[in-house]
Amino acid sequence: VNHCSLFLRVYNDLESQDAVFADVAPLLTSLLDGYNVCIMAYGQTGSGKTYTMLGPQLEGNLAFDIEEESELGIIPRATQEVFRLISEKPPGSYWVEVSVVEVYNNEIFDLLAKDSCGKVFGIKRDVVTTREGKSDVPLLTHETVENASEFLHLVYKGLQLRVTHPTLVHAHSSRSHLVVTLTITTVVFGDNFGTLWEDEQTSQRLNKEASFIFPQKMRDSKSTSSSRASSPVQLEATEKMKQVKTRLQLVDLAGSECVGMSGVTGAALRETSFINRSLSALADVLGAIAEQRAHVPYRNSKLTHLLQDSVGGDAKLLVMLCISPGQKYLTESMQSLGFGTRARQVQRGQVKKKNFPVPSKGK
């Protein structure tokens with residue numbers, strides 16, 4: 001009870017996926033305001049993280065096409081909401097790419113990578129810090145998606161490779177952290193464009209110009225962009241545009257567990273060790289941010305290094321804490337509540353909205 005008073009909301013076992021997402025949805029508008037967002041599910045093995053993030057599983061496969069959409073989890077719902085928000089913006093001002101990775105035994109695997117025969121095959125990647133201090137995964141597969149259906153198809157394809165291993169706690173236990181990232185690219189116009197949007201013809205011309213910055217999949221014709229580049233006026237317009245990328249990282253963490261409770265040995269024991277270490281590193285990062293330490297140990301784990309831009313800085317983080325109510329899981333539940341308490345202590349102060357000079361749909 002003392003722990004629960006610290007949290008924003010506590011759901012009972014009768015509340016629906018709809019009720020959970022109603023509290024998540026407002027966070028997604030921040031993506032189009034220029035902020036990175038991270039939504040993660042944390043808890044012990046079998047406590048409901050994958051159900052919360054993805055939805056029900058049937059015979060080990062995620063049932064994205066089930067008739068009862070009310071059972072869908074945060075990841076498919078968040079994607080639908082992102083595309084709904086984008087649909088309210090001018091055509092050509094935003095586009096979306098997706099990547100799907102798992103962090104397994106402190107290694108990053110690209111679940112959308114393909115081998116030379118075109119077959120999907122998880123390829124090991126590494127995470128680096130760029131000169132600008134951002135985290136990046138070189139050669140990571142990014143697929144452009146135009147709607148939630150295309151997105152879910154890619155996620156489902158990636159999930160086929162996700163590592164699972166049975167434990168005494170949960171027969172289909174995920175032994176890796178799943179990180180699904182939506183990268184939203186916004187076409188931002190220079191300050192001099194502020195007065196031009198009053199002219200409807202200029203607005204339409206610049207919207208068309210913006211569309212030629214899109215990935216090839218989003219273009220109607222390969223030759224169009226090169227032919228339009230000959231106009232000095234249009235070249236000047238393009239030069240005054242820049243791209244701003246924001247990330248939505250949706251994370252289904254591997255289950256934390258006591259070794260004695262899980263009953264694993266050998267390779268599975270090694271998996272558990274890596275899982276617990278990475279979750280401990282995540283707790284350390286949140287602790288360092290909460291205490292406003294000069295050094296935040298993002299690089300102590302591939303997981304925290306990968307999530308650096310969506311956890312640190314002025315990014316917005318939401319932790320869905322999943323708790324197993326059984327008395328025999330009391331130790332694990334208290335550990336999870338302790339993690340949630342640490343996350344709740346992170347205070348970033350008042351965040352100011354970042355206003356992008358992107359035209360309104362009305363103009």
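Residues numbered from 1 in each chain as written. Predicted model: local features only at pLDDT ≥ 70, side-chain atom pairs only at ≥ 80, totals over all residues. Heavy atoms only, no water.

As annotated in an unreviewed UniProt entry, the protein chain is KIF25 protein from Prunella fulvescens. As its UniProt record puts it under Subcellular location (unreviewed entry), the protein chain is described as follows: "Cytoplasm, Cytoskeleton". (UniProt positions renumbered as here; feature names shortened; annotations may be inferred.)

Quick look at the UniProt feature "binding site: ATP" (unreviewed entry) in the protein chain now. Per the UniProt annotation, the sites labelled "binding site: ATP" (unreviewed entry) are Gly-43, Gln-44, Thr-45, Gly-46, Ser-47, Gly-48, Lys-49 and Thr-50. Tracing the backbone shows Gly-48 in the loop between β1 (37-43) and α2 (49-53). Owing to a relative accessible area of 25%, Gly-48 belongs among the partly exposed residues under this scheme. (Helix = DSSP H or I, 4+ residues; strand = E, 2+ residues; numbered from the N terminus. Buried < 20%, exposed > 50% of the residue type's maximum accessible area, 1.4 Å probe, protein only.)

Between its terminal C-alpha atoms helix α1 (residues 17-28) stretches 17 Å, which fits the 16 Å expected from twelve residues at 1.5 Å a residue. Regarding α1, the residues found buried are Gln-17, Val-20, Phe-21, Val-24, Ala-25, Leu-27 and Leu-28. Each buried residue of α1 lies within a common arc of 145° when the element is viewed along its axis, so the set occupies one face. For α1, the secondary structure elements touched by its buried residues are β1, α2, α3 (74-87), β11 (241-252) and β12 (316-322). (Expected span 1.5 Å × (residues − 1). Arc of directions from axis to C-beta. Contact = heavy atoms within 4.5 Å.)

Tracing the backbone shows Asp-309 in helix α11 (residues 308-311). One polar contact links the side chain of Asp-309 to the main-chain amide nitrogen of Ser-135, over a distance of 3.0 Å. Among the polar contacts made by the side chain of Asp-309, one reaches the side chain of Arg-247 at a distance of 3.5 Å. Once you skip the residues sitting within four places of it in the chain, Asp-309 turns out to touch Asn-36, Gly-133, Lys-134, Ser-135, Arg-247 and Ala-315. (Polar contact = N/O pair within 3.5 Å; in protein donor to acceptor, adjacent residues only side chain to side chain.)

Its identity is not glycine, yet Asn-105 carries a phi of approximately 50°, on the positive side. As for its placement among the helices and strands, Asn-105 is situated in the loop between β4 (94-104) and β5 (107-110). At Gln-292, a residue that is not glycine, the phi angle is positive and equals roughly 55°. Within the secondary structure, Gln-292 sits in the loop between α9 (266-290) and α10 (302-306). The exposure class assigned to Gln-292 is exposed, which follows from its relative accessible area of 67%.

Take the packing of α1 against α3 next. The geometry of α1 relative to α3 is characterised by a closest axis approach of 10 Å and an angle of 45° between their N-to-C directions. Considering the angle they form, α1 stands oblique to α3. Judged by the sense of rotation from one axis to the other, the crossing of α1 with α3 is right-handed. Residues Gln-17, Asp-18, Val-20, Phe-21, Val-24 and Leu-28 of α1 form the contact with α3, whose participating residues are Ile-74, Arg-77, Ala-78, Glu-81 and Leu-85. Considering only residue class, the contact of α1 with α3 consists of seven nonpolar, one polar and three charged. (Axes fitted to C-alpha atoms, helices over the stretch in contact; angles between N-to-C directions. Parallel < 35°, antiparallel > 145°, perpendicular 65-115°, else oblique. Left-handed = near helix turned anticlockwise from the far one by under 90°. Nonpolar A, V, L, I, M, F, W, Y, C, P; charged D, E, K, R; others polar.)

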